Amino acid sequence: MNTIPIFLLFISSLLYFFSYPGVDNDLWGHLYFGREIVQSARLPVENLYSYTASDYRWINHEWLSEVIFYGLFHFLGSPGLILFKLIVGIGVVWILDCIVRERTASPLARLLTLIWTMAILSPGFNIRPQLFTYLLFAVFIFLFYRYDQGKKAALYWAPVLMVLWVNLHGGFVAGLGAFGLFSFWISLRGLRNRDMKPVVTQVLIPLIISGIALLLNPYGLDLLSFLVRDLLLDRLITEWEMIPLLDFSFIEFKLALVAVFLLGPWSGSWRRWDFVLAVLAALFSVRYQRHMPLFAIAAAPFLAQGIEKVNHWIEGRARKSILSLGMLTIALYQLHWMGEIHLQHRFQLVINPLEYPAQAANFLQRNGVRGNLVVPFDWGEYLIWKLYPDVRVSIDGRYTTAYPTEVIQDHWDWMEGGDGWRKLLERYPAEIAMTHRSHPVTALLRKDPEWVYIYSDPVAFVFVRKTASQEHLLAKFRDKGLVPPRPPSIYFPG
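Residues numbered from 1 in each chain as written. Predicted model: local features only at pLDDT ≥ 70, side-chain atom pairs only at ≥ 80, totals over all residues. Heavy atoms only, no water.

1. Digging into the overall build of the protein
Here is step 1: A tally of helices and strands in the protein yields 19 helices and 5 strands.
Here is step 2: Here the C-alpha atoms of the protein give a radius of gyration of 25 Å, agreeing with the 23 Å that 2.2 N^0.38 yields for 494 residues.
Here is step 3: Classification of the 494 residues of the protein by burial places 55% in the buried group.
Here is step 4: Sequence separation of at least 24 residues holds for 73% of the intrachain contacts in the protein that already meet a minimum separation of 6.
Here is step 5: Distance between charge centroids for the protein: 7 Å, based on 44 positive and 39 negative side chains. (Helix = DSSP H or I, 4+ residues; strand = E, 2+ residues; numbered from the N terminus. Rg over C-alpha atoms; globule rule 2.2 N^0.38 Å. Buried < 20%, exposed > 50% of the residue type's maximum accessible area, 1.4 Å probe, protein only. Contact = heavy atoms within 4.5 Å. Lys, Arg positive; Asp, Glu negative; His and termini not counted. Charge placed at Lys NZ, Arg CZ, Asp CG, Glu CD.)

2. Quick word on the packing of helix H3 (residues 63-100) against helix H6 (residues 158-168)
Here is step 1: Taken N-terminus to C-terminus, the directions of H3 and H6 make an angle of 80°; their axes are 5 Å apart at the nearest point. Put simply, H3 runs roughly perpendicular to H6. In this structure, H3 uses Trp63, Leu64, Ser65 and Ile68 to contact H6, whose residues at the interface are Leu164, Asn167 and Leu168.
Here is step 2: Grouping the amino acids of the contact of H3 with H6 by side-chain chemistry returns 5 nonpolar, 2 polar and no charged. (Axes fitted to C-alpha atoms, helices over the stretch in contact; angles between N-to-C directions. Parallel < 35°, antiparallel > 145°, perpendicular 65-115°, else oblique. Nonpolar A, V, L, I, M, F, W, Y, C, P; charged D, E, K, R; others polar.)

3. Considering the nonpolar core
Here is step 1: Residues Leu383, Trp414 and Met434 are the most contacted members of the largest nonpolar core, which totals 167 residues.
Here is step 2: For this core, the element with the most residues is H3, which contributes 15 residues. (Core = buried A, V, L, I, M, F, W, Y, C linked by side-chain atoms within 4.5 Å.)

4. What about the pairing of strand E5 (residues 460-465)?
Here is step 1: Most of E5 is tucked away, with 6 of its 6 residues classed as buried.
Here is step 2: Neither face of E5 is open: one carries Ala460, Val462 and Val464, the other Phe461, Phe463 and Arg465, and all of them are buried.
Here is step 3: The pairing of strand E3 (residues 432-436) with E5 spans 5 bridges and is antiparallel. Bridge pairing links Ile432 to Val464 in E5. (Pairing = 2+ DSSP bridges.)

5. Regarding unusual backbone geometry
Here is step 1: Cis geometry marks the peptide bond from Tyr388 to Pro389; its omega dihedral reads 10°.
Here is step 2: Of note, Pro389 is situated in the loop between helix H15 (380-387) and strand E2 (391-393).
Here is step 3: Backbone torsion omega between Phe492 and Pro493 reads 10°, so that peptide bond is classified as cis.
Here is step 4: For Tyr399, which is not glycine, the phi dihedral falls at a positive 55°.
Here is step 5: Tyr399 gets classed as buried once you look at its relative accessible area, which sits at 7%.
Here is step 6: Even without glycine at this site, Lys480 takes up a positive phi of about 55°.
Here is step 7: On the secondary structure map, Lys480 appears in the segment after helix H19 (471-478).

6. Concerning the side chain of His61
Here is step 1: Note on placement: His61 falls in the loop between helix H2 (27-40) and H3.
Here is step 2: Exposure remark for His61: the relative accessible area of 12% places this residue in the buried category.
Here is step 3: Only 2.9 Å separates the side chain of His61 from the backbone nitrogen of Gly170, close enough to count as a polar contact.
Here is step 4: With sequence-adjacent residues up to four places away left out, His61 is seen in contact with Val166, Asn167, Leu168, His169, Gly170, Leu223 and Thr401. (Polar contact = N/O pair within 3.5 Å; in protein donor to acceptor, adjacent residues only side chain to side chain.)

7. Looking at helix H13 (residues 320-345)
Here is step 1: When the terminal C-alpha atoms of H13 are compared, their 37 Å separation across 26 residues agrees well with the 38 Å that a helix rising 1.5 Å per residue should span.
Here is step 2: Positive backbone phi, approximately 55°, marks Arg346, located one or two places after H13. (Expected span 1.5 Å × (residues − 1).)

8. Examining the sheet that holds strand E4 (residues 451-456)
Hydrogen bonds along the backbone pair up the strands of a sheet, which may run parallel or antiparallel.
Here is step 1: Taken in spatial order, the 5 strands line up as E2-E1-E3-E5-E4 in an open sheet, and their pairing is mixed. Looking at which strands have only one partner, the edges of the open sheet turn out to be E2 and E4. Taking each pair of neighbouring strands and ignoring which way they run, the sheet shows an average axis angle of 30°.
Here is step 2: Pairing analysis gives 2 bridges linking strand E1 (residues 371-374) to E3, with the strands arranged parallel. In the strand pairing of E3, Leu373 is matched with Ile432.
Here is step 3: In this fold H19 packs onto E4 and E5, with an angle of close to 60° to the strand it touches most, E4.

9. A short note on the pattern of salt bridges
Charged atoms that come close allow side chains of opposite charge to pair.
Here is step 1: Under the defined criterion, the tally for this structure stands at 21 salt bridges.
Here is step 2: In this structure, Glu239 engages Arg128 in a salt bridge whose closest nitrogen and oxygen atoms are separated by 3.1 Å. Remark: Arg128 occurs in the loop between helix H4 (107-121) and helix H5 (130-148) and Glu239 occurs in the loop between helix H9 (221-230) and helix H10 (251-267); sequence separation between them is 111 residues.
Here is step 3: Here Arg128 falls in the buried class, since its relative accessible area comes to 12%.
Here is step 4: Lys254 is the salt-bridge partner of Asp247, the closest N and O atoms lying 2.7 Å from each other. (Salt bridge = Lys/Arg side-chain N within 4 Å of Asp/Glu carboxyl O.)

10. Concerning the packing of H2 against H15
Here is step 1: It is the contact of H2 with H15, at a shortest axis distance of 7 Å, that shows an interaxial angle of 45°. In this view, H2 runs oblique relative to H15, as classed from their interaxial angle. Read as a crossing pair, H2 and H15 show a hand that is left-handed. Residue-level inspection shows Trp28, Gly29, His30, Leu31, Tyr32, Phe33 and Arg35 of H2 in contact with H15, the latter providing Glu381, Tyr382, Ile384 and Trp385.
Here is step 2: Residue composition of the contact of H2 with H15, grouped by class: 7 nonpolar, 2 polar and 2 charged. (Left-handed = near helix turned anticlockwise from the far one by under 90°.)

11. A word on the packing of aromatic side chains
Here is step 1: Applying the stated criterion across every chain yields a total of 41 aromatic pairs.
Here is step 2: Considering the side-chain rings of Phe73 and Trp385, the 6.5 Å spacing of their centres and the 75° angle between planes classify their relative orientation as edge-to-face. Remark: Trp385 occurs in helix H15 and Phe73 occurs in helix H3; sequence separation between them is 312 residues.
Here is step 3: A relative accessible area of 18% places Phe73 in the buried class.
Here is step 4: An angle of 80° between the planes, with centres 5.5 Å apart, marks the rings of Phe73 and Phe492 as edge-to-face. Within this pair, whereas Phe73 is found in helix H3, its partner Phe492 is found in the segment after H19, the two being separated by 419 residues in sequence. Neither residue differs from the other here; Phe73 and Phe492 are each classed as buried.
Here is step 5: Members of the aromatic cluster, connected to one another through ring pairs, are Trp28, Tyr32, Phe33, Tyr49, Trp58, Phe73, Tyr356, Tyr382, Trp385, Tyr388 and Phe492.
Here is step 6: Here Arg346 stacks its cationic end above the ring of Tyr491, 5.0 Å away from the centre of that ring.
Here is step 7: Here Arg398 stacks its cationic end above the ring of Trp58, 4.5 Å away from the centre of that ring. (Phe/Tyr/Trp six-rings, centres within 6.5 Å; stacked < 30°, edge-to-face > 60°. Lys NZ or Arg CZ within 6 Å of the ring centre and 35° of its normal.)

In structure tokens form, the structure reads like this:
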């Protein structure tokens, strides 16, 4: 088959799945904290940005990612961050292709496998520290396959990578778990062959060194003990919810799930470590949506096997000219769709104006508002970027790394307007409140005589507490002296 349509479809798919200029709600925080680390040449020890947990110890397991993100944004702006995301996506796909080509020699089968994998990766492929986990997880699996192919020193790269991973993102736990599973499987093989010496020197020693390498982080054992506790907690966040299996959401993932569970036993791979890893990744993904990219990486070899079995039929029955035309059509569509977005927005990250309180934040800025601001969880890091140090927030996306669980629970109760919604306001000295228009607490605050409604827009409401510290602001409101906000920019950082 002509390689030009295959190449064009591959390139267009990389751009289509990995270069969308969307913004994660924690990106402002990652850049802000990265800048603080670079400028102060130290890691903040306490949560200085919040008034509800100002003396709580902040364990920042993403500090190195934040420094890298800040450096990219400082020197290259939004295009640099988009390009970085695309490069990481290319890296993951290239590594997977090195693995997949051992399962199928057909360029078309490899292409279809990689596109399927990209489609599963794409929803979680935002500019956030998890990108490093996806890349390093793929590298670790590649090292396992290299060992299986006879490269007996391959696993000695793992400790070096683990030193980086433990400072980039807490997802290193997935890498260590995969390494442990692989080591267990290889140890069973060694016991059956009654030859454990190579297993010890080539597998177990690198695993032990990788475990020791985890201590090479600014928090030492405290980081590991924190993660052990944190992984056991439930989170009321969308990406930590279960995947509903009886609808058409995440259809690429569900089809891949069926493929893995059918192909493993059928191909005789169910006794291999990689099948067990893919099954475990699938179970974790069903339980927690955020783990789908890890499943996509682990499942790619099995998807290649499945596609290889039908590829002979496709190439045998379909005319090559029709296949080439179909691939060119899809490639041109993807290039046109994504190219139009990037040209329209000049390769800038785009902020959804109905998702973030840009006008409300500008209103507080222009009126010189200072004080403790109670906010919804999703807006915290955006408002830190915009308003700190004049304003300190009640919560943000750092979640349990920077806040005790009781503060987090008080916020959910507050936003939902349940029986205990006032606990957050009574336990901590809140002076200003910014609420989402759709949250039940908005209606409750409008009726509360202790709070004055001073501003609203299509996204947010702003309330001020009747306290001495805010009397000047309330007087300006009564005298109609407050300045309206400027129109918000849709381009990051807003």
